[in-house]
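# Close look at the chain arrangement
Listed below, chain by chain, are the residues.
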Amino acid sequence: MATHELMNGRLHVYKRENSRFWQCDTRISGRRYRMSTHEESIERAKDIAEDWYLGLRGKLRSGELLPKPEAAAGIAPRRRPKEKTFREVAEQFLLEYNTITGGQRSPVWIETMRDRIRLYLNPFFGDLGLSEVTSGKVQEYRVARATNSRSGKPPARSTMHHEIVILRQILKTAMRHGWLGALPDLSQPYRTAGKISHRAWFGPEEYKRLYTATRERAREPRTKRWKWTSGQMHDYVLFMANTGLRPDEARRLQFRDVEIVDDDSLGKTILEIEVRGKRGTGYCKSTTGAVKPFQRLSARTREITSVGKDGKPLIEHRLPRPTDLVFPGDHRELFNQLLNELDLKFDREGSRRTAYSLRHTYICLRLMEGADIYAIAKNCRTSVEMIEKFYASHIKNTLDAAAINVMRQRKGKKDNPTQRHVDE
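The model shown is predicted, which means the values in this text are computed figures rather than measured ones. (Residues numbered from 1 in each chain as written. Predicted model: local features only at pLDDT ≥ 70, side-chain atom pairs only at ≥ 80, totals over all residues. Heavy atoms only, no water.)

## Some remarks on the pairing of strand S2 (residues 11–15)
Looking at chain direction, strand S1 (residues 2–6) and S2 are connected through five bridges and run antiparallel. Its bridge partner lying in S2, Ala2 is registered against Lys15. Two successive antiparallel strands, S1 and S2, enclose a turn made up of four residues, where Met7 displays a positive phi of approximately 55°. As paired elements, S2 and strand S3 (residues 23–28) share four bridges and run antiparallel to each other. Counterpart to Val13 in the pairing with S3 is Cys24. (Pairing = 2+ DSSP bridges. Helix = DSSP H or I, 4+ residues; strand = E, 2+ residues; numbered from the N terminus.)

## Points about the environment of Pro328
Looking at the secondary structure, you find Pro328 in the loop between strand S9 (313–318) and helix H11 (332–341). The class of Pro328 is partly exposed, set by a relative accessible area of 41%. Sequence separation of Pro328 and Ala250 is 78 residues, and the distance between their C-alpha atoms is 9.6 Å. Sequence-distant contacts of Pro328, that is, excluding residues within four places in its chain, are made with Trp228, Gln232 and Arg302. (Buried < 20%, exposed > 50% of the residue type's maximum accessible area, 1.4 Å probe, protein only. Contact = heavy atoms within 4.5 Å.)

## As for the sheet that holds strand S6 (residues 268–277)
Taking strand neighbours across the sheet as the criterion, the three strands line up as S5-S6-S7 in an open arrangement whose pairing is antiparallel. Each end of this open sheet is capped by a strand with a single partner; those strands are strand S5 (258–263) and strand S7 (280–285). Taken pair by pair, the neighbouring strands of this sheet meet at an average axis angle of 25°, ignoring direction. As paired elements, S5 and S6 share six bridges and run antiparallel to each other. (Axes fitted to C-alpha atoms, helices over the stretch in contact; angles between N-to-C directions.)

## Some details on the sheet that holds S1
One open sheet accounts for four strands, arranged S1-S2-S3-S4; its pairing is antiparallel. In this open sheet, the two edge strands, each paired with only one partner strand, are S1 and strand S4 (31–36). For this sheet, the mean inter-axis angle between neighbouring strands, taken without regard to orientation, is 20°. Here helix H1 (residues 42–62) sits on the sheet in contact with S1, S2, S3 and S4, set at roughly 25° to S3.

## What about the packing of aromatic side chains?
Evaluation of the coordinates by the stated rule reveals nine aromatic pairs. Ring plane angle 70° and centroid distance 4.9 Å describe the contact between Phe124 and Phe125, whose orientation is recorded as edge-to-face. According to the relative accessible area criterion, Phe124 is partly exposed, its value standing at 26%. Ring centres 5.0 Å apart and planes at 90° place the aromatic pair Tyr236 and Phe327 in the edge-to-face group. With Tyr236 in helix H8 (residues 227–241) and Phe327 in the loop between S9 and H11, this pair connects stretches of sequence that are 91 residues apart. Pair check on accessibility: Tyr236 and Phe327 agree, each one buried. (Phe/Tyr/Trp six-rings, centres within 6.5 Å; stacked < 30°, edge-to-face > 60°.)

## Things to note about the nonpolar core
In terms of nonpolar packing, the biggest core is built from 45 residues, with Leu210, Phe239 and Ile273 touching the most fellow members. For this core, the secondary structure elements donating two or more residues are helix H7 (204–219), H8, S6, helix H10 (291–299), H11, helix H12 (356–368), helix H13 (373–379) and helix H14 (384–390). Here the element with the most residues in this core is H8; it accounts for seven residues. Beyond its immediate sequence surroundings of up to four residues, Ile273 is in contact with Phe239, Thr243, Leu245, Leu253, Asp257, Val258, Gly282, Tyr283 and Cys284. Counting 25 residues, the second-largest nonpolar core is a separate cluster that includes Val89, Ala90, Tyr141 and Ile164. (Core = buried A, V, L, I, M, F, W, Y, C linked by side-chain atoms within 4.5 Å.)

## Thoughts on the environment of Arg246
For Arg246, the position within the fold is in the loop between H8 and helix H9 (247–252). Considered as a pair, Arg246 and Leu358 are 112 residues apart in the sequence and their alpha carbons are 8.6 Å apart. Here Tyr356 takes part through its side chain, which lies 3.3 Å from a polar atom of the side chain of Arg246. (Polar contact = N/O pair within 3.5 Å; in protein donor to acceptor, adjacent residues only side chain to side chain.)

## Quick look at the environment of Leu183
If you trace the backbone, Leu183 turns up in the loop between helix H6 (157–176) and H7. In this view, Leu183 contacts Arg168, Leu171, Lys172 and Met175; residues no more than four positions away in its chain are not counted.

## Some words on the confidence of the model for the chain
Confidence in the prediction of the chain, expressed as mean pLDDT, is 84, and 82% of residues score 70 or more. Low pLDDT (under 50) marks residues 70–80, which in the prediction has five contacts with non-local residues, meaning those over four places away or in another chain. (pLDDT = per-residue confidence, 0-100.)

## Looking at the side chain of Arg217
Summarising the element assignment, Arg217 is placed in helix H7. Using a relative accessible area of 11% as the deciding quantity, one classes Arg217 as buried. A polar contact of 3.0 Å, which involves the side chain of Arg217, links it to the side chain of Glu341. Residues in contact with Arg217, not counting those within four places in the same chain, are Arg222, Ser230, Leu334, Gln337, Leu338 and Glu341.

Below is the structure:
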């Protein structure tokens, strides 16, 4: 970096390697001042720097520039380390997160996190020092996201929650490295109780309409080439609604992961499934309604197309092997087509139904049958808190009328006036 000294070494004119303009800096009364001359010529830059320096000295004499408290007291100024910017800490966080959680977090989730930092957090906080990321600044970010959304409507509550979680993780990275002393308050002010909502699912009558339609489509497909896919679709609906698997867990499921067993405590035949998904490896015991769909899946032949030596396609019909996937195809297109035909794509709250709704249907139907909530949570590889929040809150069967409509006789009263009013 080229540097020139002026005013007996009190003024410096220099040029950075990645800049074409000369800059100047000086220290007056313990404070450092910098300015860009916006000049490429060193001679003109020197003239501008001298005028700027003399102007600062004049402001100091007139009282417009206040000296640093340490300098005024005769104390040598302490050299403060350069503060990290939010952008630099975000890069360090992504480096650590990707390395430490390698193999434990989905690459899609990591890429989504990277996109949120690049598109939203860095443009707002990137050039700020860590000390400038305060609770007030975070609130300004919430307001900016709500008013400057690209889609024209504010982001969903869950979207903002994920972004604030990422922001908190970045600031905690700075605390671990000693770049930040304390974490600002990131809680949302003016927060009210969230609306009680439930996941989109199929009620008993809606579920019956769905599997009746898939059964008819499997028996009489619209075209011959859809016969295998329609049969798979019907068994997929029954299998998912009787096991409670997540769609990603079903996509990873192999035939060797499923075993047909006779349950001693139930006295019926069920499936024991070794599940591999986002929570690692777990186990699931199905209802009896999943046995026949799985047997049909196991007995259904598959067309395996390969290319022979002469370049012509070879079609092989064979039964699935233990290492084959139970659901090798994507049933999204046919599933959405059926939902649209049956007018079941949206529930009454406007929530969109997907393949995940079959898992929600399994949980809700089990709760309506009186199953233990802890056993359901363990079988579905989730928590009791999640089931109570998103499923049990709207199941009327969880309300005990006998416990609610209790009428105790008051002391000294021969009859209950409330009961007499009801009887009359």
